[in-house]
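# Overview (structure and organization)
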Amino acid sequence: MHEDEPLHDQERNSGSADDDRPEGGRAGRRRGGREQSATQRALGLLTRREHSRKELQRKLTSRGMDAAEVETAIEALSGLGWQNDARFAESLVRSRAGSGYGPIRVRAELATHGLDSEAIARALDSYEGDWLENARDLVRRRFGGPSGEAPGEDLALRRKAADFLIRRGFDGERVRKATRFDPDD
């Protein structure tokens, strides 16, 4: 070491207490050197976006947190209003509908987050948009002509549009109405 090297560089180069941590990182520690509690980690996740109860449990336990501590933390945050499955479900419905997905796809995704059928139904009912209009808009944008009209009488194009809507999670009735779009409807 050189005498003119700053002191903090000398300390960094002369074995420190951080030498026992795994390569490449802090290993879940904060800058102050303290481990984050399950509540702190859950709150950190919830400040970024809404999470379902099941999703929080999965994320925290996969990061090595104790399952009982995680459950206690989620209960506490739920009691304080930080975590709310109904709010999460409504947010996900709005987000997915805005991205062009239909109610069948959204219902299936909500089920993967551990929500019961009543909570899913309430979230889908709370959606203020029009699923049919969403489907028609998708058809216009994806399969419409230069002026944005519906596919018209081209059977092959209408079939492609119908397949697309089905993959996106729209039911048969909405698919039929959206692909046989009549502006006078």
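Here goes a summary of the coordinates provided.

Definitions and cut-offs
- Residues numbered from 1 in each chain as written.
- Predicted model: local features only at pLDDT ≥ 70, side-chain atom pairs only at ≥ 80, totals over all residues.
- Heavy atoms only, no water.
- Axes fitted to C-alpha atoms, helices over the stretch in contact; angles between N-to-C directions.
- Helix = DSSP H or I, 4+ residues; strand = E, 2+ residues; numbered from the N terminus.
- Parallel < 35°, antiparallel > 145°, perpendicular 65-115°, else oblique.
- Left-handed = near helix turned anticlockwise from the far one by under 90°.
- Contact = heavy atoms within 4.5 Å.
- Nonpolar A, V, L, I, M, F, W, Y, C, P; charged D, E, K, R; others polar.
- Phe/Tyr/Trp six-rings, centres within 6.5 Å; stacked < 30°, edge-to-face > 60°.
- Buried < 20%, exposed > 50% of the residue type's maximum accessible area, 1.4 Å probe, protein only.
- Lys NZ or Arg CZ within 6 Å of the ring centre and 35° of its normal.
- Salt bridge = Lys/Arg side-chain N within 4 Å of Asp/Glu carboxyl O.

## Description of the packing of helix H2 (residues 38-48) against helix H4 (residues 67-79)
The geometry of H2 relative to H4 is characterised by a closest axis approach of 8 Å and an angle of 55 degrees between their N-to-C directions. Taken as axis vectors, H2 and H4 run oblique relative to one another. Judged by the twist between their axes, the crossing of H2 over H4 is right-handed. Here Ala38, Thr39, Ala42, Leu43 and Leu46 of H2 lie close against H4, whose contacting residues are Glu69, Val70, Ala73 and Leu77. Across the contact of H2 with H4, the residue classes tally to seven nonpolar, one polar and one charged.

## Brief notes about the side chain of Glu109
Tracing the backbone through its elements, the reader meets Glu109 in helix H6 (residues 103-112). If we ignore the near neighbours within four places in the chain, the residues touching Glu109 are Leu92 and Arg96.

## Here's the deal with the packing of aromatic side chains
Within this structure, the stated rule accounts for two aromatic pairs. Each ring, one from Tyr127 and one from Trp131, has its centre 4.6 Å from the other, and the planes form 40 degrees; the classification is tilted. In terms of burial, Tyr127 and Trp131 fall into one category: buried. The interplanar angle of 70 degrees and the centroid separation of 5.8 Å between the aromatic rings of Phe143 and Phe164 together place this pair among those described as edge-to-face. Here Phe143, found in helix H8 (residues 131-143), pairs with Phe164, found in helix H9 (residues 155-168); they are 21 residues apart in sequence, far enough to count as distant. Pair check on accessibility: Phe143 and Phe164 agree, each one buried. The aromatic ring of Tyr101 is capped on one face by Arg105, whose charged end is 4.2 Å from the ring centroid.

## Structural notes on the pattern of salt bridges
Summed over all chains, the structure comprises 11 salt bridges. Its salt-bridge partner being Glu50, residue Arg87 comes within 2.7 Å of it at the nearest N-O pair. On the criterion of sequence distance, the pair formed by Arg87 in helix H5 (residues 85-98) and Glu50 in the loop between H2 and helix H3 (53-62) is long-range, its members being 37 residues apart. We classify Glu50 as partly exposed; its relative accessible area is 22%. A salt bridge links Glu109 to Arg105, with the nearest nitrogen and oxygen atoms 3.1 Å apart. One end of the pair is Glu109 and the other is Arg105, both in helix H6 and four residues apart, which spans about a single turn. A relative accessible area of 32% places Arg105 in the partly exposed class. One connected set of salt bridges, linked through shared partners, spans Glu133, Asp137, Arg140 and Arg141.

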